[in-house]
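A closer look at the structure
Chain by chain, the residues run as shown.
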Amino acid sequence: MSSMLASYLTLAAILFCIGLYGVLTKRSAVIVLLSIELMLNAVNLNLIAFSKYGVVPSLKGQVFSLFNIAIAAAEVAVGIAILIALYRNRGTTNVDEFNELRN
Amino acid sequence: MFDLSFVWNGHSILFLILAVCVISGAVFMLNFSKIIHMVVSLAFTFVGLAGVYVLLEAEFVAAVQILVYAGAISILMIFGIMMTKHDELEESPRIQWKGVFAALGCVALFVAIFFAIRSTSFPTAPATGPLAEDNTLELGKQIFTAHVIPFELLSVLLTVAFIGAIVVAKHEDAEESEAVSSPSQKEAE
């Protein structure tokens, strides 16, 4: 039983690290947002795995991950809106060129 | 130090297949050169994760995952790509030291987490039956009794976020939108 929990946690860790690598290296802002979604999904997977295999199995982890999904949807909507506004003002979606605070 | 024992049964074989789907989708997301392919590949990852949730007896969360992630968020990302212009090639050909250091950091983080997971002995729960007879019914009871205040706060947050998104993304004025409708010209000034 417990080894399955470790497998799920390892899968979540792999997903989180892939998402982190995408956030750090990709240059398109859309892909950076998608990588953040991947990291949030890794967290959801951890919550649901512990809600089944934890010390006290209960549905609270699933409720928490539902709230998490809703927050992620709101975050993506706001992120895309900011991205479109930035594109309108700067003409690019490359995150390396969003440096308006520099000078 | 830690055991790598893996029990082979139906559950774990199904888990392995789904895990391969999930990880290959994510890795292809990193390697595709066209951005629209990246989004489709990540949608594949989200569907695979929904399968993993079904394995974990979270059927309702799996349905929500497909609806929200594979449906809404992927479509929203594709809209974001269509409404902005992208240089087709994501990668630059030369070796980027930033990328090398990021890869090293991510691998180090993964190794740390992996050793932490494998060296921890998680206390096992007393073997009980399934979590709930009717997953959706029990989740509804939980949300609308014990967690009703976070639920209402979440609805307020969603309203605020979506109205804010509309306000941020819409054109300000007709004449101003005319001036900025061609960003390449603006950049050339």
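You'll find the structure just up there.
Computed from a predicted model, the values in this text were never measured in an experiment.

Parameters and conventions
One numbering rule holds for all chains: residues counted from 1, following each sequence as written. Chain letters start at A and ligand numbers start at 1, both assigned in the order the entries are written. Since the coordinates come from a predicted model, pLDDT governs what is reported: local features require at least 70, and pairs of side-chain atoms require 80 or more to be given and counted, while whole-chain, interface and lining totals use all residues. The side-chain values count all of the structure's non-hydrogen atoms but skip hydrogen atoms and water molecules. What counts as a helix is a DSSP run of H or I of at least four residues, what counts as a strand is a run of E of at least two, and both are numbered from the N terminus. Note on exposure labels: buried denotes an accessible area under 20% of the residue type's maximum, exposed denotes more than 50%, and partly exposed covers the range between, all computed with a 1.4 Å probe on protein chains only. Only heavy atoms enter the contact rule, under which two residues are in contact if any of them lie within 4.5 Å. Using a 1.4 Å probe, buried area is obtained as the accessible area two parts lose upon being combined, added over both of them. Salt bridges are counted wherever a side-chain nitrogen of Lys or Arg sits within 4 Å of a carboxyl oxygen of Asp or Glu. To get an axis, fit a line to the C-alpha atoms, keeping to the stretch in contact for a helix; angles then go from 0 to 180 degrees between the N-to-C directions. Here the angle decides the label: under 35 degrees means roughly parallel, over 145 means roughly antiparallel, 65 to 115 means roughly perpendicular, and every other value means oblique. Residue type decides the class: Asp, Glu, Lys and Arg count as charged, Ala, Val, Leu, Ile, Met, Phe, Trp, Tyr, Cys and Pro as nonpolar, and the leftover types, Gly among them, as polar. Within 6.5 Å between ring centres, the rings of Phe, Tyr and Trp (the latter by its six-membered ring) count as paired, and their orientation is classed by plane angle as stacked under 30 degrees, edge-to-face over 60, tilted in between. By nonpolar core we mean a set of buried residues, namely Ala, Val, Leu, Ile, Met, Phe, Trp, Tyr and Cys, connected to one another through side-chain atoms within 4.5 Å. By this rule the span expected of a helix is its residue count minus one, scaled by 1.5 Å. We score Asp and Glu as negative and Lys and Arg as positive, and we do not count His or the chain ends.

1. Quick look at the overall build of chain B
When helices and strands are counted, chain B shows eight helices and zero strands. The linear arrangement of helices and strands in chain B, starting from the amino end, is α-α-α-α-α-α-α-α. In chain B, which comprises 189 residues, the proportion classed as buried is 30%. A sequence separation of at least 24 residues applies to 57% of the contacts in chain B between residues at least 6 apart.

2. Brief notes about the interface of chain B and chain A
On the chain A side, the residues contacting the 84 residues of chain B number 73 residues. Summed over both sides, the interface of chain B with chain A buries roughly 7,300 Å², with 76% coming from carbon and sulfur. Looking only at chain B, the three residues that lose the most surface to chain A are L56, M77 and L131 of chain B, adding up to 9% of its buried area. If you look at where chain B meets chain A, you find one salt bridge.

3. Thoughts on the environment of A81 of chain A
Residue position: A81 of chain A is located in helix α3 (residues 60–90). Separated by 16 residues in the primary sequence, A81 of chain A and S65 of chain A have C-alpha atoms spaced 24 Å apart. Setting aside residues up to four positions removed in sequence, A81 of chain A forms contacts with A165, V168 and A169 of chain B.

4. Notes on the packing of α3 of chain A against helix α5 (residues 135–145) of chain B
Axis separation between α3 of chain A and α5 of chain B bottoms out at 10 Å; the angle between their running directions is 75 degrees. As far as their axial angle goes, α5 of chain B and α3 of chain A are roughly perpendicular. Residues K60, Q62, V63 and L66 of chain A of α3 of chain A touch α5 of chain B, and the partners they reach there are N135, L139, Q142 and I143 of chain B. Tallied by class, the residues present in the contact of α3 of chain A with α5 of chain B amount to four nonpolar, three polar and one charged.

5. Focus: the packing of aromatic side chains
Following the criterion strictly, the structure yields seven aromatic pairs over all chains and no others. Arranged with centres 4.5 Å apart and planes meeting at 65 degrees, the rings of Y8 of chain A and F15 of chain B form a pair that is edge-to-face. One end of the pair, Y8 of chain A, is in helix α1 (residues 2–25); the other, F15 of chain B, is in helix α1 (residues 10–31), on a second chain. Take Y8 of chain A and F15 of chain B: they sit in the same class, and that class is buried. Measuring from ring centre to ring centre gives 5.6 Å for F28 of chain B and F32 of chain B, while their planes differ by 15 degrees; the resulting arrangement is stacked.

6. Some details on the pattern of salt bridges
Scanning the model with the defined rule gives two salt bridges over all chains in all. Between E57 of chain B and K52 of chain A there is a salt bridge, with the nearest N and O atoms lying 3.4 Å from each other. Taken together, the positions of E57 of chain B in the loop between α2 (35–55) and α3 (59–83) and K52 of chain A in helix α2 (residues 29–53) put the pair across two chains. A relative accessible area of 16% places K52 of chain A in the buried class. E138 of chain B is the partner of K141 of chain B in a salt bridge, and the nearest nitrogen-oxygen pair spans 3.9 Å. You can see K141 of chain B and its partner E138 of chain B sitting in helix α5, three residues apart, about one turn around the helix. Of the residues examined, K141 of chain B reaches a relative accessible area of 46% and is grouped as partly exposed.

7. Details of the nonpolar core
Most often, soluble globular proteins have nonpolar side chains that are buried together. One finds Y8, L38 and L45 of chain A together with L56, V61 and M77 of chain B to be the most contacted residues of the largest nonpolar core, which totals 63 residues. In contact with M77 of chain B, other than residues within four places in its own chain, are V30, L33, L34, V76 and I80 of chain A together with V39 of chain B.

8. Some remarks on α2 of chain B
A rise of 1.5 Å per residue sets the reference length of α2 of chain B, with its 21 residues, at 30 Å; its end C-alpha atoms lie 31 Å apart and thus fit the reference within 8%. A positive backbone phi angle near 60 degrees is found at E57 of chain B, which sits one or two residues after α2 of chain B.

9. Regarding α3 of chain A
Residues and elements named next belong to chain A. Taking 1.5 Å as the rise per residue, α3 with 31 residues should run 45 Å; its terminal C-alpha atoms sit 44 Å apart, in good agreement. Summarising burial for α3: 22 of the 31 residues are buried, a large majority. Within two residues after α3, G91 carries a phi angle of roughly 75 degrees, on the positive side.

10. With respect to the packing of α2 of chain B against α3 of chain B
Residues and elements named next belong to chain B. Contact geometry for α2 and α3: axes closest at 9 Å, N-to-C directions at 175 degrees. Here α2 lies roughly antiparallel to α3, going by the angle between them. The segment α2 lies against α3, with I35, I36, V39, A43, F46, V47, L49, A50, Y53 and V54 engaging V61, A62, Q65, I66, Y69, A70, S74, M77, I78, I81 and M82. Taken together, the residues of the contact of α2 with α3 break down into 19 nonpolar, two polar and no charged.

11. Let's talk about the side chain of E37 of chain A
Mapped onto the secondary structure, E37 of chain A falls in helix α2. Summary of buried charges: E37 of chain A has no salt-bridge partner, and the nearest side chain of opposite charge, K26 of chain A, is 17 Å away. For E37 of chain A, the contacting residues outside a window of four places in its chain are A72, E75 and V76 of chain A together with F46, Y69 and I73 of chain B.

Take it as geometry only, folks, not as evidence of what the structure does.
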